[in-house]
Amino acid sequence: MNDRRALGKLLEFIQDTHWDTLNDKVQNQAKKCFLDLAAVLCCGAKNNSAMGAAGYVEANYPKGDVTILSTGKKTNLIGAAMANGMSANALDLDDGYSLLRGHPGSGFFGALLSAAEVSNCTYGELLAAIVVAYETGIRQGYSIRDYFTWDHSSGSYSAFATAAGVGKLLGLN
């Protein structure tokens, strides 16, 4: 498949994935993933690294309307995504995907929660974005491994997951 066609299929998948069209099995897994990631983020929110990230964001990013979950203070979308992402990964208790030896969810969950606040989306829309992020990130992880012939860290493919999920929530094309 050529690159343009593959990109078109990816964009179509991102834009056309909607909560009410996902089957029960996918919906149930998305709910489990949400609960797992939310619990891990809540537990990690008061960790020293998460609080340090929150302090850094509060001191260096512009004020805004998006919540830093560990402190309740407001900043812009990028700052909140960073601080909330640190909370999600602070205790390394987050999801695991053993076939890639990584943790895809913690890399995008803080950003998705921040984008969800900005977009004022529904719970179903957030869960659909989580499905998009997992699917995009994991497939990108396989692509990276296939190209380099060895596994990379979750961050190498979670960046793609984040872009896909946040883009979906913000209605980007």
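Look up: the structure comes first, before these words.
Residues numbered from 1 in each chain as written. Predicted model: local features only at pLDDT ≥ 70, side-chain atom pairs only at ≥ 80, totals over all residues. Heavy atoms only, no water.

Engineer: How should a nonpolar patch on the surface be read in this particular structure?
Structural biologist: On the surface, L7, L10, L11 and F13 cluster together into a nonpolar patch covering about 300 Å² of accessible area. Mapping F13 onto the fold places it in helix α1 (residues 3–16). Using a relative accessible area of 30% as the deciding quantity, one classes F13 as partly exposed. (Patch = residues over 30% accessible without salt bridge, like charges linked within 9 Å, V, L, I, M, F, W, Y side chains within 5 Å. Areas by Shrake-Rupley, 256 points an atom, 1.4 Å probe, with all protein chains shown as cover. Salt bridge = Lys/Arg side-chain N within 4 Å of Asp/Glu carboxyl O. Helix = DSSP H or I, 4+ residues; strand = E, 2+ residues; numbered from the N terminus. Buried < 20%, exposed > 50% of the residue type's maximum accessible area, 1.4 Å probe, protein only.)

Engineer: Would you mind going over the pattern of salt bridges with me for this structure?
Structural biologist: Side chains bearing opposite charge may pair, as long as their charged atoms lie close to each other. In this structure the tally under the stated criterion is three salt bridges. We note a salt bridge from E58 to K73, for which the minimum N-O separation is 3.7 Å. One end of the pair, E58, is in helix α3 (residues 48–60); the other, K73, is in the loop between β1 (66–67) and β2 (74–75), with 15 residues separating them in the sequence. Among the salt bridges present, the one from E135 reaches R139, with a minimum N-O distance of 2.5 Å.

Engineer: Honestly, empty space enclosed by the protein in this entry has me stumped. Any pointers?
Structural biologist: Applying the stated criterion across every chain, the model contains one cavity of 30 Å³ or more. Empty space within the largest cavity amounts to approximately 40 Å³. Taken together, L100, G141, I144, R145, D151, H152, S156 and Y157 make up the full set of residues lining the largest cavity. Counting only elements with at least two residues in the lining of the largest cavity, the list comes to α6 (123–148) and α7 (154–170). Class assignment for the residues of the lining of the largest cavity results in three nonpolar, three polar and two charged. (1 Å grid on protein atoms, 1.4 Å probe; cavity = no way out; pocket = protein on both sides within 12 Å on 5 of 7 lines; lining within 4 Å. Points joined across faces, edges and corners; volume = space filled by probe spheres on them. Nonpolar A, V, L, I, M, F, W, Y, C, P; charged D, E, K, R; others polar.)

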